[in-house]
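Observations on the model geometry
Letter by letter, the chains look like this.
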Amino acid sequence: TEARDTEARAILAQNDRGGYTVPTHGLYPYQWNWDSVFAAIGFAEHDMDRAWTEIETLFSGQWENGMVPHIIFHQVDPSYFPGPDIWRGTGPIPSSGISQPPIAATFVRWLLDLDPTYEPRARTLFPALMASHRWFMTWRNEDGAIVVTHPWETGRDNCPDWDDTFAAIEPEGVDEYYRRDTTHVVEDERPRRWDYDRYLYLVKLGADSGWSEPYLREVTPFRVADPTMTFTLLRATRDLRALAIRLGEPTAELDQWIGDMERGAQRLWNEEAQTYDCVDIRSGKHTGVVSNASFLCWFAGINDDRMLAQFDRIAEATTYFVPSTDPAHPAYEPKRYWRGPVWAMLNVLIAAGLAEAGHSERARNLTEATGRMIAENGFAEYFDPRDGAPAGGRNFTWTAAVWLAWAS
Ligand code: DGY
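Reading the values: rules and limits
- Residues numbered from 1 in each chain as written.
- Predicted model: local features only at pLDDT ≥ 70, side-chain atom pairs only at ≥ 80, totals over all residues.
- Helix = DSSP H or I, 4+ residues; strand = E, 2+ residues; numbered from the N terminus.
- Rg over C-alpha atoms; globule rule 2.2 N^0.38 Å.
- Buried ≥ 20, exposed ≤ 12 C-beta atoms within 10 Å, placed from the backbone.
- Contact = placed C-beta atoms within 7 Å.
- Core = buried A, V, L, I, M, F, W, Y, C linked by C-beta atoms within 7 Å.
- UniProt positions renumbered as here; feature names shortened; annotations may be inferred.
- Pairing = 2+ DSSP bridges.
- Axes fitted to C-alpha atoms, helices over the stretch in contact; angles between N-to-C directions.
- pLDDT = per-residue confidence, 0-100.
- Parallel < 35°, antiparallel > 145°, perpendicular 65-115°, else oblique.
- Left-handed = near helix turned anticlockwise from the far one by under 90°.
- Nonpolar A, V, L, I, M, F, W, Y, C, P; charged D, E, K, R; others polar.
- Near = placed C-beta within 6 Å.

Quick look at the overall build of the protein chain
Scanning the protein chain from N- to C-terminus turns up 16 helices and 10 strands. For 408 residues, the compact-globule estimate of 2.2 N^0.38 gives 22 Å, and the C-alpha radius of gyration of the protein chain, at 19 Å, lies within 12% of that figure. Reported as C-alpha extents along the three principal axes, the dimensions of the protein chain are approximately 50 × 45 × 45 Å.

Examining unusual backbone geometry
For residues besides glycine, phi is generally negative; the peptide bonds are generally trans as well. The omega angle of the peptide bond from Phe 81 to Pro 82 is 0°, so this bond is cis rather than trans. Relative to the elements of secondary structure, Pro 82 occurs in the loop between strand 2 (71-72) and helix 4 (84-87). Within the chain, Trp 211 stands out as a residue other than glycine whose phi angle is a positive 55°. Here Trp 211 is to be found in the loop between helix 9 (193-208) and helix 10 (213-219).

Some points on helix 5 (residues 104-114)
Every buried residue belonging to helix 5 is among Ala 104, Ala 105, Thr 106, Phe 107, Val 108 and Leu 111, and all of these are buried. Where helix 5 is buried, its residues meet helix 2 (33-44), helix 3 (48-59), helix 6 (119-139) and helix 11 (227-247).

A few points about the nonpolar core
Within the largest apolar cluster, 117 residues are counted, with the highest numbers of intra-cluster contacts made by Ala 40 and Ile 350. Setting aside residues no more than four positions away along its own chain, Ile 350 makes contact with Asn 292, Phe 295, Leu 296, Phe 299, Val 322 and Leu 366.

Observations regarding the UniProt feature "domain: Mannosylglycerate hydrolase MGH1-like glycoside hydrolase" (unreviewed entry) in the protein chain
Residues annotated by UniProt as "domain: Mannosylglycerate hydrolase MGH1-like glycoside hydrolase" (unreviewed entry) correspond here to residues 28-399. End C-alpha atoms of residues 28-399 are separated by 14 Å, and the span's content is 47% helix alongside 6% strand.

Structural notes on the sheet that holds strand 3 (residues 141-142)
What the four strands build is an open sheet, ordered 3-4-5-8; its pairing is antiparallel. Among the strands making up the open sheet, the edge pair consists of strand 3 and strand 8 (279-280). For strand 5 (residues 224-225) and strand 8, the ladder comprises two bridges, and the chain directions are antiparallel. Note that in strand 8 the partner of Val 224 across the bridge is Asp 280. Those strands touched by helix 11 are strand 4 (145-148) and strand 5, and its axis lies near 130° from that of strand 4. Across the face of the sheet, helix 12 (residues 252-267) comes into contact with strand 3, strand 4, strand 5 and strand 8 while running at roughly 70° to strand 4.

Observations regarding the confidence of the model for the protein chain
Chain-level pLDDT for the protein chain is 98 on average; 100% of the residues reach the 70-or-more range. Considering each helix and strand of the protein chain separately, the mean pLDDT is smallest for helix 16 (residues 397-407), with a value of 96, and largest for helix 11, with 99. If you check the scores for this complex, the pTM reads 0.98 and the ipTM reads 0.93.

A few points about the packing of helix 3 against helix 6
Between helix 3 and helix 6, the shortest axis-to-axis distance is 11 Å and the interhelical angle comes to 25°. Looking at the two axes, helix 3 sits roughly parallel to helix 6. Relative to helix 6, the crossing made by helix 3 is left-handed. Residues Trp 52, Ile 55, Glu 56 and Phe 59 of helix 3 lie in contact with helix 6, whose contacting residues are Arg 121, Leu 125 and Ala 128. Partitioning the contact of helix 3 with helix 6 into residue classes produces five nonpolar, no polar and two charged.

Focus: the site of the ligand
In the neighbourhood of the ligand, the contacting residues comprise His 70, Trp 152, Asp 157 and Asp 181. Its residues assigned to classes, the shell around the ligand shows one nonpolar, one polar and two charged.

Structure representation (structure tokens):
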């Protein structure tokens, strides 16, 4: 494992573009929101100053309305599509027009636990963190459940949760385009053309509106309440509250948000499928998929023992867990991105939640299995649950960070 340690640090160094890291060279040549936050905890293991810089650079792309974009295009790179000309973001730095799972406040708290002398930098970031949470609670709050306006916003790009909503969208008016992702990764491990047509349709809808949230709330066919966003924002808001107390800041607004989301999370409970899943706000329908995001309930501080049976069933069904889609679901594909593969960084969040809820043996097993998967197969973007075979991009920043911070 010492060789893996060295390799992981080398990956962070290779993917470092000066103040920020790219998820991996070629496939993702820009700064991605939650990838960067994971990168920070990887740097924290050997360079605490660099860890804070990573998050500060991310927030330098924050929009005036508080939104922190999911991609920041610091310098144009033709190896990626869709780039800044398609997105037409309206922030201080060219960017996309959607956000990503808001884990920054949680990681800022973790960084501060590792070294409290960095408190002044947390104090500087605090208002920006507040503004980003306020953006979600203003524009993406459906009775406390947090919605997305694009699958890319959840990070779970092509998971089966979007299939029904996408089937109802006719992607008209999308210009001819040329994908770059499949020049870096084999097609079978990426979303289909059918998905890309709809991804681009939604990007055009947002960009044409100048990324107007009030407009999109009225017109977009894609408004889906999602466990990734609801659970990570609820968790991060609890952490932001802890930071507020530490910094002597008021907590009333945060208390209100936490109460709202605790109620909203229950809207995601699907009684029939016995899981937390997505709800399409337009149709009112649950998506009925047990995904790895379903198991973020504990991370959000929701100690729901009903999810333990689901967890144990799925852990039994695969060699490496947690698969991004339930292997018993008809749409399960063990190598296709978010339709089956295991994602190490999501496992970290699931394991943290399990441990905090007192399910320490499950947490330990998951962390150990994740470490073994990386030790045996390297720093892939994701892994086949059947045998751990590496898939997607290689030399991946967040897989290296998971190794350095938790799994080694
Ligand atoms: C991609 O290009 O596949 C990314 O996931 C978008 O964020």
